[in-house]
Amino acid sequence: MNERFDDLMFRHLTGGLRADEKEQLASMLDEDPAARRELVQFVQEQTDLMECVAVKCAMPAKR
Amino acid sequence: MQRGMMFARRTMTPAEKQQRDRVVCEAFACRHALLAYAWALLGDYARAEDVVQSAFLVVMDKYADYREGTSMLAWCRSIVRLKVYEALRERNRLVATEDSLLHDAVSFAFDEAQETEQTAARMERLERLRECMLKLTPRLRSLLEASLQPGASYAQIGRAAGMSVEAVRKGLYRVRAALRDCVNKRLEAGL
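Overview of the structure. Computed from a predicted model, the values in this text were never measured in an experiment.

## Remarks on the overall build of chain A
Counting its secondary structure elements, chain A contains three helices and zero strands. In chain A, the succession of helices and strands from N to C terminus is α-α-α. Put simply, chain A has 63 residues, and 51% of those count as buried. Within chain A, residue pairs in contact and separated by at least 24 positions form 40% of the contacts whose partners lie at least 6 positions apart. Accessible area for chain A stands at about 3100 Å²; split by element, carbon and sulfur atoms hold 50% of it.

## Topic: the state of the cysteines
Residue and element names in this part refer to chain B. With the rule as written, the count across this model stands at one disulfide over all chains. Across a sulfur-sulfur distance of 2.0 Å, Cys 132 and Cys 182 are joined as a disulfide pair. Disulfide Cys 132-Cys 182: the torsion about the S-S bond is -85°, which places it as left-handed. Of this pair, Cys 132 sits in helix H6 (residues 119-134) while Cys 182 sits in helix H9 (residues 165-189), placing them 50 residues apart in sequence. Just as Cys 132 is buried, Cys 182 falls in that class too. Left without a disulfide partner, Cys 25 is nearest to the cysteine sulfur of Cys 30, which lies 10 Å away. This cysteine, Cys 76, is not joined by any disulfide, and Cys 30 carries the nearest cysteine sulfur, 5.2 Å off.

## Notes on a negative patch on the surface
The grouping of Asp 30, Glu 31 and Asp 32 of chain A together with Asp 104 of chain B at the surface amounts to a negative patch. One can find Asp 30 of chain A in helix H2 (residues 19-31).

## Observations regarding the side chain of Asp 48 of chain A
Turning to its location among the elements, Asp 48 of chain A is positioned in helix H3 (residues 33-54). Overall, Asp 48 of chain A belongs to the buried group, its relative accessible area being 3%. Separated by 2.3 Å, the side chains of Asp 48 of chain A and Arg 125 of chain B make a polar contact. Sequence-distant contacts of Asp 48 of chain A, defined by excluding residues within four places in its chain, comprise His 32, Arg 122, Arg 125, Leu 126 and Leu 129 of chain B.

## Let's talk about the packing of H3 of chain A against helix H2 (residues 31-42) of chain B
Relative placement of two packed helices is described by the angle separating their axes and the distance separating the axes. Relative to each other, H3 of chain A and H2 of chain B sit at 110°, their axes nearing to 9 Å. Compared by their axis directions, H3 of chain A and H2 of chain B come out roughly perpendicular. Where H3 of chain A crosses over H2 of chain B, the handedness of that crossing is right-handed. Contacts from Val 43, Gln 44, Gln 46, Thr 47, Asp 48, Met 50 and Glu 51 of chain A in H3 of chain A reach His 32, Leu 35, Ala 36, Trp 39 and Ala 40 of chain B in H2 of chain B.

Parameters and conventions
Residues numbered from 1 in each chain as written. Chains lettered and ligands numbered in written order. Predicted model: local features only at pLDDT ≥ 70, side-chain atom pairs only at ≥ 80, totals over all residues. Heavy atoms only, no water. Helix = DSSP H or I, 4+ residues; strand = E, 2+ residues; numbered from the N terminus. Buried < 20%, exposed > 50% of the residue type's maximum accessible area, 1.4 Å probe, protein only. Contact = heavy atoms within 4.5 Å. Areas by Shrake-Rupley, 256 points an atom, 1.4 Å probe, with all protein chains shown as cover. Disulfide = S-S within 2.5 Å. Patch = residues over 30% accessible without salt bridge, like charges linked within 9 Å, V, L, I, M, F, W, Y side chains within 5 Å. Salt bridge = Lys/Arg side-chain N within 4 Å of Asp/Glu carboxyl O. Lys, Arg positive; Asp, Glu negative; His and termini not counted. Charge placed at Lys NZ, Arg CZ, Asp CG, Glu CD. Polar contact = N/O pair within 3.5 Å; in protein donor to acceptor, adjacent residues only side chain to side chain. Axes fitted to C-alpha atoms, helices over the stretch in contact; angles between N-to-C directions. Parallel < 35°, antiparallel > 145°, perpendicular 65-115°, else oblique. Left-handed = near helix turned anticlockwise from the far one by under 90°.

Structure (structure tokens):
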């Protein structure tokens, strides 16, 4: 994960990318298999975090 | 006879019910992957949840179209993709070129990663994530949680937290990288 990709992905998932940035992200994905893997992992992690926060995942587990 | 009754659905046989339940159950195991996929296409988590929910209604209705032995995830993704385009058309009649390019690239990325994570493995990963989140400082945890709110932006988070946009961006990058590292280490160590 690098900072620029992380930045683009976060803003993509929150609907905050400009048109030129969308084209830039699309080019990165088209050209680089590692970027495609990173995209899938990033979105899955964010989905996990959404679920975690929704169920108060950060609270201590009941034993 | 009322006109509507002529089109009443015939009763399902027990075998059909069994098949439907099996398909729906298998499809539901893909829910997380489908939600991630829809979110990546739409750039809006709430709309992605709506799309996945409507896709499951299609799965329940079209369960007989699923071919045994083929990828359930791929079949469900094709339904989600159609629902995503329906949702986009409802909002904008024309999809901008850059959106179309990005959708194609995102779809290709997910098509390459076809594997479905087993539910038990996913639960394990969520548990490790929960533990790793507990290790974050309250400030970092609240920064992360703020980033998961609907319509979150660096500027909005920064205003609420008294931080610059750049500090928020760097902080979120670091906390996400730290969480990934923490989860991976715990999974590798079998903790």
